[in-house]
Amino acid sequence: MKVLGIESSCDETGLAVYDAQRGLLAHVLHSQVDLHALYGGVVPELASRDHIQRLIPLTEAVLEKSGISMGEIDAVAYTAGPGLAGALMAGSVMARSLAWSLGIKALGVHHMEGHLLAPMLEDEVPPFPFVCLLVSGGHTLLVRVDAVGQYRVLGESIDDAAGEAFDKTAKMLGLPYPGGPHLAKLALEGDAYAVDLPRPMLNRPGLDFSFSGLKTAAITQFRSSHSPKLADLAASFERAVVETLLAKSERALKQENLNTLVISGGVSANTRLRDGADELCQKRAGKAYYPRLEFCTDNGAMIALAGAKRLAAGETTGLELSIRPRWSLEQLPVI
Ligand code: KG4
Ligand code: ZN
């Protein structure tokens, strides 16, 4: 079964073809970074308009790259939520129209399930059960995963998501959009032990996160009369976020008595986080898994893969369902 995957939940248009037998055949991506950079953040209306313009040429491009024709696609999987309503609508209308005209199935995929399953695009896939730290621009979740669709949320952020904290802090430090990768790059030149910042909620039991206080602490340091070097502040901030994420991940592994940790979502591209996850799992005689860099942030491949798994189990979405901008992972059916 060959599945065309369409991702359009935020500021990236991603298309991919995943073959249930042969794996990923091809993927293409258009990032809207340049479009939104001028405004310092994503402008939803501009995002939707750009998706509409990119979807058809990118569909043609991914088919050509895959070496297959339109008629060989067996199903279309698209991101149905969570995300920006207009952006989701663009991808879902494209997917549904294509499926209807080709007489094939369509399936609305949960964006965070796409991220969660993205490490399965690699040769060595994580074995169930595992703990997944899902860290993106919109979500920070610790999830126990027993099978595809069998998800128990163990903890989540009560305010900013980890990526959002990176982005907002970077913006206030005067770094360009998107802040996360820029802050991480600057951090490479700094001393991560130079500035003392809090580790939010580590002294409390439980697996929830909070990042808004850390963001404020970093800004307060920045604005103080003896303001630290920017690179030192970036490195110290990055270290505080990563140590907090990993401390809670370790707590989740201990609680669930597991040794496999999966990290995915945009922030899993962060080198300090990836190295820290490796170290943590080695200490516990386990293993950390994460996607290759290009599949940490939004992409069509993870949607095609998640769609292929659910379509193979017989799931489809009727023409009546369009999008779900708000959607909990725990509402998904087990397959
Ligand atoms: O998963 P994603 O592409 O989109 C959402 O679903 O939100 O994640 C984007 C987030 C942004 O907040 C971005 O700043 C962050 O991931 N990010 C990073 C890095 N690369 C991307 N944060 C820290 N370090 C990075 N290297
Ligand atoms: Zn995402």
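Computed from a predicted model, the values in this text were never measured in an experiment. Here, residues in each chain are numbered from 1, in the same order as that chain's written sequence. Ligands are numbered from 1 and chains lettered from A, in the order in which they are written. In keeping with the model being predicted, local features are shown solely for residues with a pLDDT of at least 70 and side-chain atom pairs are shown and tallied solely at 80 or more, while totals for entire chains, interfaces and linings include all residues. Only hydrogens and water are set aside; all other atoms, that is, all heavy atoms of the structure, feed into the side-chain values.

Caption draft 1: Fine view of the sheet that holds strand β9 (residues 260-264). If you trace the five strands from one edge of the open sheet to the other, you get β8-β7-β6-β9-β10, paired in mixed fashion. Of all strands in the sheet, those bounded by a partner on one side alone are β8 (150-156) and β10 (287-289). Taking the axes of each pair of neighbouring strands and ignoring which way they run, one obtains an average angle of 25 degrees across the sheet. When DSSP finds two or more bridges between two strands, those strands count as paired. Every helix listed is a DSSP run of H or I at least four residues long, and every strand listed is a run of E at least two residues long, numbered separately from the N terminus. Sheet analysis places β9 next to β10, joined by three bridges and oriented parallel. Bridge pairing in β10 places leucine 261 opposite alanine 288. The criterion used for residue contact is that any of the two residues' heavy atoms lie within 4.5 Å. Note on definitions: angles span 0 to 180 degrees between N-to-C directions of axes, and those axes are lines fitted to C-alpha atoms, for helices only across the stretch in contact. Of the strands in this sheet, β6 (130-135), β7 (140-147), β8 and β9 are in contact with helix α8 (residues 230-256), which crosses β6 at around 155 degrees. Seen against the sheet, helix α9 (residues 271-283) touches β6, β9 and β10 and runs at an angle of roughly 170 degrees to β9.

Caption draft 2: Spotlight on the site of ligand 1. Any residue with a heavy atom positioned within 4 Å of a molecule or strand is treated as near that molecule or strand. Near ligand 1, the surroundings consist of 18 residues, among which His115, Gly137, Asp167, Asn270 and Asp298 are the closest. Within the contact set of ligand 1, an oxygen atom lies 3.4 Å away from a backbone nitrogen or oxygen of glycine 138. Using the Shrake-Rupley algorithm and a 1.4 Å probe, accessible areas are obtained, with residue cover drawn only from the displayed protein chains. Taking 550 Å² as the accessible area of ligand 1 by itself, protein coverage stands at 87%. As a working rule, the residues Ala, Val, Leu, Ile, Met, Phe, Trp, Tyr, Cys and Pro are called nonpolar, Asp, Glu, Lys and Arg charged, and the rest polar, with Gly in that last group. In terms of residue class, the shell around ligand 1 is made up of five nonpolar, eleven polar and two charged. Domain start and end points were adopted from an automatic or database domain assignment. Two domains each provide a minimum of three residues to the shell around ligand 1, namely domain 1 (2-116 + 295-331) and domain 2 (127-290). N or O atoms closer than or at 3.5 Å make up a polar contact, with two conditions inside protein: a donor-capable atom paired with an acceptor-capable one, and, for residues adjacent in sequence, both atoms drawn from side chains.

Caption draft 3: Up close: the coordination of the zinc ion (ligand 2). Listed donors are limited to N, O and S atoms within 2.8 Å of the metal, widened to 3.2 Å for Na, K and Ca; water is not among them, so incomplete-looking sites are possible. Summarising the metal site, the zinc ion (ligand 2) is bound by the protein donors His111 (NE2), His115 (NE2) and Asp298 (OD), whose distances to it range over 2.0 to 2.1 Å. Spacing between the donor residues of the zinc ion (ligand 2) along the chain follows H-x3-H-x182-D. One end of the pair, histidine 111, is in helix α4 (residues 111-117); the other, aspartate 298, is in the loop between β10 and α10 (300-312), and 187 residues separate them in sequence. We call a residue buried when its accessible area falls under 20% of the maximum for its residue type, exposed when it is over 50%, and partly exposed in between, using a 1.4 Å probe and counting protein chains only. Judged by relative accessible area, aspartate 298 falls into the buried class, the value being 12%.

Caption draft 4: Spotlight on the side chain of arginine 274. Assignment of secondary structure puts arginine 274 in helix α9. In this structure arginine 274 is buried but unpaired, with aspartate 275 as the nearest side chain of opposite charge at 6.6 Å. Here Asp and Glu are counted as negative and Lys and Arg as positive; His is not counted, and neither are the chain ends. Any carboxyl oxygen of Asp or Glu that lies within 4 Å of a side-chain nitrogen of Lys or Arg is treated as forming a salt bridge with it.

Caption draft 5: Examining the nonpolar core more closely. In this structure, Leu4, Ile6, Leu116, Tyr151 and Leu329 are the most contacted members of the largest nonpolar core, which totals 58 residues. Among the elements that make up this core, the one with the highest residue count is α10 (eight residues). Not counting residues up to four positions away in its chain, the partners in contact with isoleucine 6 are Gly14, Leu15, Leu55, Val76, Ala77, Tyr78, Thr79, Gly91, Met94, Ala95 and Ile303. For this analysis, a nonpolar core means a set of buried residues of the types Ala, Val, Leu, Ile, Met, Phe, Trp, Tyr and Cys, connected via side-chain atoms within 4.5 Å. Grouped together as the second largest cluster of nonpolar side chains are 44 residues, Leu133, Phe211, Leu258 and Val267 included.

Caption draft 6: Fine view of the pattern of salt bridges. On inspection of all chains with the given rule, the structure shows 19 salt bridges. Note that lysine 168 is salt-bridged to aspartate 160, the shortest N-O span being 3.2 Å. We classify lysine 168 as partly exposed; its relative accessible area is 32%. With a shortest N-O distance of 3.1 Å, lysine 168 and glutamate 164 are connected by a salt bridge. You can see lysine 168 and its partner glutamate 164 sitting in helix α5 (residues 162-172), four residues apart, about one turn around the helix. For glutamate 164, a relative accessible area of 25% translates into the label partly exposed. Each member of the salt-bridge network shares a partner with another, and the members are Arg144, Asp146, Arg152 and Glu256.

Caption draft 7: Representation of the layout of surface pockets in the model. Volume-wise, the second largest pocket comes out at about 250 Å³. Put plainly, a pocket is an open set of points on a 1 Å grid over the protein atoms alone with protein on both sides within 12 Å along at least five of seven lines, a cavity is a set where a 1.4 Å probe fits but cannot get out, and a lining residue has an atom within 4 Å of a point. Looking at the second largest pocket, the residues that line it are Tyr193, Arg239, Val242, Glu243, Leu246, Ala247, Glu250, Arg272, Gly276, Glu279, Leu280 and Lys283. Mapped onto the lining of the second largest pocket, the elements with two or more residues apiece are α8 and α9. Here the element with the most residues in the lining of the second largest pocket is α8; it accounts for six residues. Its residues assigned to classes, the lining of the second largest pocket comprises five nonpolar, one polar and six charged. Grid points are joined across faces, edges and corners, and a volume is the space filled by probe spheres set on the points.

Caption draft 8: A look at the packing of aromatic side chains. Aromatic rings from Phe, Tyr and Trp, with only the six-membered ring used for Trp, were paired whenever their centres fell within 6.5 Å, and each pair was classed as stacked if the ring planes differed by under 30 degrees, edge-to-face if by over 60, and tilted otherwise. Inspection of every chain in the model, using the stated rule, returns three aromatic pairs. Relative to phenylalanine 130, the ring of phenylalanine 128 has its centre 5.5 Å away and its plane inclined at 15 degrees; by these criteria the two rings are stacked. Classification of phenylalanine 128 as partly exposed rests on a relative accessible area of 35%. By relative accessible area, which is 0% here, phenylalanine 130 ends up buried. Between phenylalanine 166 and phenylalanine 237, the ring centres sit 5.6 Å apart and the planes meet at 85 degrees, which makes this aromatic pair edge-to-face.

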